[in-house]
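# Observations on the model geometry
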Amino acid sequence: MAREIVLDTETTGFEPREGHRLVELACLEIEDFVPTGKTFHCYIDPERDMPPEAQKVHGLSAEFLRGKPKFNTPDVVDAFLDFVGDAPIVAHNAAFDRTFVNHELGLCGRVEIIEHRWVDTLVLARARFPGMANSLDALCRRFKISLADREKHGALIDARLLADVYLELKGGRERRLELAPAVMAQAAGAARQASYGARPRPLAARSTADERDRHAAFVREVVKSEDLWRKHGL
């Protein structure tokens, strides 16, 4: 099955070359465009202040982030790289997330994640809906994906929304129908392999005692005399 990682980040600003840092990182595993339930998520101490404009977007204060693990700790960088593995990474406006992730990897002496591994859903959306608003919010509204649980931007909830958007961009309900036969085949195979014992509660008889007596008489008097077979030339 095709394994991909949907990724989203929150930061202190727009440009790491100006000293801005990651403050939240979330990854969600999908296989054949369907979430598996496996996620990676962490808050990160940026070791700097939080600009008010950024805090308005994601709601993460410097006080909240102080004492959280730094990116270069094994709980963040090693766990992140282990989770991602060699899978393609799906992100909305991927250049933004890639720049920050690779900046943090560079600061701790790790190899950057090369560009061709990134799938940009903004590029996919612009190709499908040229000239239209293609923000994550706009795409969720267009595809009727609920934003009810989202009060502010958060990396994990945005990754979950993006996974739904990505499925729609790759075919949506039609794509689910393509996957359905494979799922049904797996279920049928499992059913064939299952062993069946006696029914724990036998079904109640649907014939009456009189019907059963008449059937027994028919078998005894007609079938055993072979009259039934003679009628069919047997």
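This write-up is about the structure you can find in this document.

Here we come to the sheet that holds strand β2 (residues 22-31). With mixed pairing, 5 strands are arranged side by side in an open sheet as β3-β2-β1-β4-β5. Of all the strands in the sheet, just β3 (34-43) and β5 (118-120) have a single pairing partner and so form its edges. If you compare each strand with its neighbour and ignore which way they point, the axes differ by 25° on average.

Before going further, it helps to examine unusual backbone geometry. Positive phi outside glycine occurs at E47, with the angle close to 60°. Within the secondary structure layout, E47 lies in the loop between β3 and α1 (52-58). What makes E47 partly exposed here is its relative accessible area of 48%. For K144, which is not a glycine, the phi torsion comes out positive at approximately 60°. If you trace the backbone, K144 turns up in the loop between α6 (136-142) and α7 (155-169).

Turning our attention to the state of the cysteines. Throughout the structure, instances matching the rule amount to 0 disulfides. C42 carries a free sulfur, and the closest cysteine sulfur to it, the one in C27, is 8.3 Å from it.

With respect to the secondary-structure elements, D120 resides in strand β5. Note: C-alpha distance between D120 and Y166 (46 residues apart in sequence) is 9.6 Å. Beyond its immediate stretch of four places on either side in the chain, D120 contacts A91, H92, N93, A94 and A95. Within the local environment of D120, its side chain forms a polar contact with the backbone nitrogen of A94, the two atoms lying 3.2 Å apart.

The next subject is helix α4 (residues 94-107). Between the first and last C-alpha of α4 there are 20 Å, a value that for 14 residues agrees with the 20 Å anticipated at 1.5 Å per step. The inward-facing, buried residues of α4 abut β1 (3-11), β2, α3 (74-84), β4 (89-91) and β5. Phi turns positive, to about 75°, at G109, one or two residues after α4.

This part covers the pairing of β2. The buried count for β2 comes to 9 of 10 residues, which makes it a mostly enclosed element. Pairing geometry for β1 and β2, over 9 bridges, is antiparallel. When the bridges of β2 are listed, E4 appears paired with I30. The pairing of β2 with β3 spans 7 bridges and is antiparallel. Counterpart to L25 in the pairing with β3 is C42. In textbook terms, the turn of a hairpin is the stretch between consecutive antiparallel strands, and for β2 and β3 this stretch comprises 2 residues, one of which, D32, has a positive phi near 50°.

Glancing now at the nonpolar core. Core analysis: the largest hydrophobic core is formed by 23 residues, its most contacted members being L25, C27, F71, F80, V101 and W118. For this core, the secondary-structure elements that each account for two or more residues are β1, β2, β3, α3, β4 and α4. No other element matches α3, which puts 5 residues into this core. With residues near it in sequence (within four places) discarded, C27 still touches I5, V6, L7, K38, T39, F40, F80, F83 and V84. Counting 20 residues, the second largest nonpolar core, distinct from the first, contains F33, F129, A163 and L167.

Following the criterion strictly, the structure yields 9 salt bridges and no others. R17 serves as the salt-bridge partner of E15, at 3.1 Å between the closest nitrogen and oxygen. The exposure class of R17 is exposed, given its relative accessible area of 75%. As a salt-bridge pair, E115 and R98 come within 3.8 Å of each other at their nearest N and O atoms. Of this pair, E115 sits in the loop between α4 and β5 while R98 sits in helix α4; the two residues are 17 residues apart in sequence, bridging distant segments of the chain. Via salt bridges that share partners, D137, R150 and D158 belong to a single interconnected network.

Reading the values: the criteria
Counting restarts for each chain, with residues numbered from 1 along the sequence as it is written. Totals for whole chains, interfaces and linings use every residue, but because this is a predicted model, local features are given only for residues with pLDDT of at least 70 and side-chain atom pairs only at 80 or more, for both listing and counting. Calculated side-chain values reflect all of the structure's heavy atoms, with hydrogen atoms and water omitted. DSSP bridges decide pairing: two strands pair if at least two such bridges lie between them. Numbering of helices and strands runs from the N terminus, with a helix taken as a DSSP run of H or I at least four residues long and a strand as a DSSP run of E at least two residues long. Angles shown run from 0 to 180 degrees and are taken between the N-to-C directions of axes, each axis being a line fitted to C-alpha atoms and, for helices, limited to the stretch in contact. Per-residue accessibility, obtained with a 1.4 Å probe over protein chains only, is compared with the maximum for each type, and a residue is labelled buried under 20%, exposed over 50%, and partly exposed between these values. Pairs of cysteine sulfur atoms within 2.5 Å are what we label disulfides. Any two residues whose heavy atoms approach within 4.5 Å are treated as being in contact. The definition of a polar contact used here is a pair of N or O atoms within 3.5 Å, where within protein one atom must be able to donate a hydrogen and the other to accept one, and adjacent residues in sequence count solely through side-chain atom pairs. The length a helix should cover is 1.5 Å for every residue beyond the first. For the purposes of this section, nonpolar cores are sets of buried Ala, Val, Leu, Ile, Met, Phe, Trp, Tyr and Cys residues that join through side-chain atoms within 4.5 Å. For this analysis, a salt bridge means a side-chain nitrogen from Lys or Arg found within 4 Å of a carboxyl oxygen belonging to Asp or Glu.

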